[in-house]
There are 2 protein chains.
Amino acid sequence: MSTPGRGLHGRVLESLGPAITAGEYPPGSVLRTDELAQRFEVSRSVMREAVRVLESMHLVESRRRVGVTVRPANEWNVYDPQVIRWRLAGADRPRQLRSLTVLRCAVEPVAAGLAAKHATAEQCAELTECALGMVANSRGHKLEGYLVHDVAFHRIVLNASGNEMFARLGDVVAEVLAGRTHHQVMFEDPDPAAVTLHVQVAEAVRAGDAVRAEELTREIVVGALQELDILSPES
Amino acid sequence: MSTPGRGLHGRVLESLGPAITAGEYPPGSVLRTDELAQRFEVSRSVMREAVRVLESMHLVESRRRVGVTVRPANEWNVYDPQVIRWRLAGADRPRQLRSLTVLRCAVEPVAAGLAAKHATAEQCAELTECALGMVANSRGHKLEGYLVHDVAFHRIVLNASGNEMFARLGDVVAEVLAGRTHHQVMFEDPDPAAVTLHVQVAEAVRAGDAVRAEELTREIVVGALQELDILSPES
DNA sequence: GTGACGCATAAGTCTGACTTTTTGTTCCCG
DNA sequence: CGGGAACAAAAAGTCAGACTTATGCGTCAC
């Protein structure tokens with residue numbers, strides 16, 4: 001699924017990153033590179049590289065004579081797929097899942113509208129294929145197969161929008177859908193209404209009906225948000 | 001404005017990052033760490049740290065026996081504020097500005113709607129203050145003063161939405177607005193209609209009128225998008 | 001033509017010494 | 001007693017060099 005500990009510094013990150021995003025080190029905490037290097041049993045060079053990466057994610061700040069200080073959560077690069085994965089693996093997955101789904105509610109309908117205008121014939125075909133795949137896996141405890149087609153579907157729509165910023169959210173959506181399937185105890189079979197909506201979106205995009213594609217997609221993501229609210233109560 | 005070359009590796013990044021995002025090295029190009037270290041007159045350790053950061057942005061991939069290969073643009077972490085800054089400084093600023101503005105069109109209206117429900121009294125006050133500041137700087141070649149209040153306004157709305165993913169787009173919006181003011185030759189004074197809309201959004205948020213706040217904000221960002229289209233023709 | 005072997009290569013890792021910056025303390029003078 | 005300057009310590013930053021490891025690619029045998 002994700003990149004498996006590329007190199008020594010990668011393994012350190014896989015351990016230290018989640019610890020920080022989980023809030024194990026409160027904002028302002030200071031870590032010393034040497035101590036970390038000893039703790040993880042790596043050389044200072046390796047630990048320095050790991051710290052540099054954390055710094056580029058704005059998770060920590062490294063200052064001379066002070067050490068590596070943990071930054072407050074509101075400064076983190078929360079769009080970094082790695083950070084997203086770390087946070088989804090952590091304790092406050094529900095809140096994370098919710099804020100990401102709200103983002104989907106804003107972005108995906110607009111993306112679908114653009115896709116209806118810009119999608120190539122090939123993309124339309126792939127979209128229909130995915131929708132049919134979802135239908136085929138919608139009954140009988142085939143959640144994994146359903147997930148694959150669901151992810152592919154939304155990825156295609158985002159790509160077909162022609163907007164690069166939207167396209168890059170494909171990974172985010174994939175993580176959200178995977179998290180929902182694997183950790184939230186989803187109902188045994190997906191909501192039939194959602195399946196139908198996906199098929200209709202594929203049709204609307206093929207027909208070039210932007211407003212319909214947008215509206216249908218909005219129903220999908222708002223539905224996803226409501227499902228979240230059912231499973232975890234919110235104010 | 002941005003962080004000024006923190007440390008030696010930071011200075012390398014400031015030179016190498018923009019070069020890559022500008023497409024000076026086509027996708028698949030291979031760079032060797034040693035050669036880069038010589039070129040920038042730094043030690044291998046420093047260059048390795050720089051490469052690690054570029055790798056965490058998915059701009060390059062480092063593999064044994066091969067070297068550091070440049071990844072295709074569609075794999076870059078385009079939400080990384082640093083990457084955004086590099087690309088906005090580069091040659092295809094227009095396209096970049098456009099795709100970011102489309103993102104604003106999707107996100108900001110929804111954020112404004114949420115802000116109308118969640119904003120605190122203090123945030124409402126700040127919002128009104130910003131709107132008044134925009135009015136005060138809307139005539140007489142006071143673009144800089146206008147920009148400051150404009151940025152603050154949108155930042156407050158995004159923060160007040162209560163959604164962390166939206167909040168973190170404040171920096172992106174700031175870059176877009178700054179880029180528009182400084183590089184696109186904006187009209188001498190901002191569009192009066194836009195100024196009015198900002199005032200009305202502040203009112204709607206204060207009144208807790210979500211749908212109105214959303215609709216007015218949509219008018220603002222769609223207007224911004226149209227301004228872009230006027231200045232640079234698009235299909 | 002195909003597969004196994006080996007070599008050259010470039011990244012990866014480690015160590016140790018040295019430099020630089022910054023913080024906090026101390027001490028002197030007003 | 002207060003303030004500022006000098007000083008010392010601490011931690012990151014930088015560098016150079018040696019060694020390790022994985023791997024792409026060419027070679028050679030079959």
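Conventions we followed
- Residues numbered from 1 in each chain as written.
- Chains lettered and ligands numbered in written order.
- Predicted model: local features only at pLDDT ≥ 70, side-chain atom pairs only at ≥ 80, totals over all residues.
- Heavy atoms only, no water.
- Near = heavy atom within 4 Å.
- Polar contact = N/O pair within 3.5 Å; in protein donor to acceptor, adjacent residues only side chain to side chain.
- Helix = DSSP H or I, 4+ residues; strand = E, 2+ residues; numbered from the N terminus.
- Nonpolar A, V, L, I, M, F, W, Y, C, P; charged D, E, K, R; others polar.
- Pairing = 2+ DSSP bridges.
- Domains from an automatic or database assignment.
- Disulfide = S-S within 2.5 Å.
- Axes fitted to C-alpha atoms, helices over the stretch in contact; angles between N-to-C directions.
- Parallel < 35°, antiparallel > 145°, perpendicular 65-115°, else oblique.
- Left-handed = near helix turned anticlockwise from the far one by under 90°.
- Contact = heavy atoms within 4.5 Å.
- Least-squares fit on C-alpha atoms with pLDDT ≥ 70 in both.
- Salt bridge = Lys/Arg side-chain N within 4 Å of Asp/Glu carboxyl O.
- Buried < 20%, exposed > 50% of the residue type's maximum accessible area, 1.4 Å probe, protein only.
- Expected span 1.5 Å × (residues − 1).
- Core = buried A, V, L, I, M, F, W, Y, C linked by side-chain atoms within 4.5 Å.
- Phe/Tyr/Trp six-rings, centres within 6.5 Å; stacked < 30°, edge-to-face > 60°.

Moving on, we come to the protein's contact with DNA strand D. Taken together, 21 residues lie around DNA strand D, and A:Thr33, A:Arg48, A:Arg65, B:Leu8 and B:Arg63 are the ones closest in. Among the atoms of DNA strand D lying within 4 Å of the protein, the sugar-phosphate backbone contributes 82%. A:Thr33 is positioned such that a nitrogen or oxygen atom in its backbone is 2.7 Å from a phosphate oxygen of DNA strand D. For DNA strand D, a base oxygen lies 3.3 Å from a polar atom in the side chain of B:Arg64. Ranked by residue count, the leading element in the surface near DNA strand D is helix H3 (residues 44-56) of chain B, at 3 residues. Broken down by class, the residue content of the surface near DNA strand D amounts to 5 nonpolar, 6 polar and 10 charged.

Our next topic: the pairing of strand E2 (residues 60-63) of chain B. Residues and elements named next belong to chain B. Here 4 bridges tie E2 to strand E3 (residues 67-70), and the two strands are oriented antiparallel to one another. Bridged to Arg63 within E3 is Gly67. In this antiparallel pair of consecutive strands, E2 and E3, the connection spans 3 residues, and Arg65 shows a positive phi of 65°.

As a further point, take the domain arrangement of chain A. What the domain assignment reports for chain A is domain 1 (7-75) and domain 2 (92-231). Each of domain 1 of chain A and domain 2 of chain A has a C-alpha centre, and the two are 35 Å apart.

In protein chemistry, a disulfide is the covalent bond that joins the sulfur atoms of two cysteines. Within this structure, the stated rule accounts for 0 disulfides over all chains. There is no disulfide at A:Cys130, and the cysteine sulfur nearest it, in A:Cys124, is 12 Å away.

It is worth spelling out the packing of helix H6 (residues 121-136) of chain A against helix H10 (residues 192-207) of chain A at this point. All names here are of chain A. The geometry of H6 relative to H10 is characterised by a closest axis approach of 9 Å and an angle of 165° between their N-to-C directions. Our classification of the angle between H6 and H10 gives roughly antiparallel. The element H6 and its partner H10 pack so that their crossing is left-handed. Only Val195, His198, Val199, Ala202, Val205 and Arg206 of H10 make contact with H6, whose side of the interface consists of Cys124, Leu127, Thr128, Ala131, Met134 and Val135. A class-by-class count of the residues in the contact of H6 with H10 yields 9 nonpolar, 2 polar and 1 charged.

Residue and element names in this part refer to chain B. What the 3 strands build is an open sheet, ordered E1-E3-E2; its pairing is antiparallel. Where the open sheet ends on each side, the last strands, each with one partner, are strand E1 (30-31) and E2. Strand contacts of H3: E2 and E3, with the helix running at about 125° to E2, the strand carrying the most contacts.

Superposition record for chain B on chain A: RMSD 0.1 Å, screw rotation 180°, translation along axis 0.1 Å. This pairing of chains is accounted for by a two-fold axis. A share of 97% of the interface residues of chain B reappears at the interface of chain A, consistent with the copies meeting face to face through the same patch.

What follows covers the pattern of salt bridges. Residues and elements named next belong to chain A. Under the criterion given, the structure shown has 35 salt bridges over all chains. Across the pair Glu55 and Arg52 runs a salt bridge, and its minimum N-O distance is 2.9 Å. Here Arg52 and Glu55 lie together in helix H3 (residues 44-56), a separation of 3 residues that amounts to about one turn. With respect to class, Glu55 is no different from Arg52; both count as buried.

In this model, helix H9 (residues 170-182) of chain A (13 residues) spans 18 Å end to end at C-alpha, consistent with the 18 Å of a helix rising 1.5 Å per residue. In this structure, the buried side of H9(A) is in contact with helix H4 (81-89), helix H5 (93-118), helix H7 (143-160), helix H8 (164-167) and helix H11 (210-231) of chain A.

Ranked by internal contacts, the top residues of the largest apolar core, which has 105 residues, are A:Ile20, A:Leu59, A:Phe166, B:Ile20, B:Leu59 and B:Phe166. Considering each element in turn, this core owes the most residues, 10 residues, to helix H5 (residues 93-118) of chain B. Those residues in contact with B:Leu59, other than ones at most four positions away along the chain, are B:Ile20, B:Thr21, B:Leu54, B:Thr69, B:Val70, B:Arg71, B:Trp76, B:Val83 and B:Trp86.

In total, this model carries 1 aromatic pair over all chains according to the counting rule given. Here A:Tyr79 and B:Tyr79 contribute two aromatic rings whose centre-to-centre distance is 4.8 Å and whose plane-to-plane angle is 10°, an arrangement assigned as stacked. With A:Tyr79 in the loop between strand E3 (67-70) and H4 and B:Tyr79 in the loop between E3 and helix H4 (81-89), the pair connects residues from two separate chains. Here the two residues A:Tyr79 and B:Tyr79 agree in accessibility, since each one is buried.

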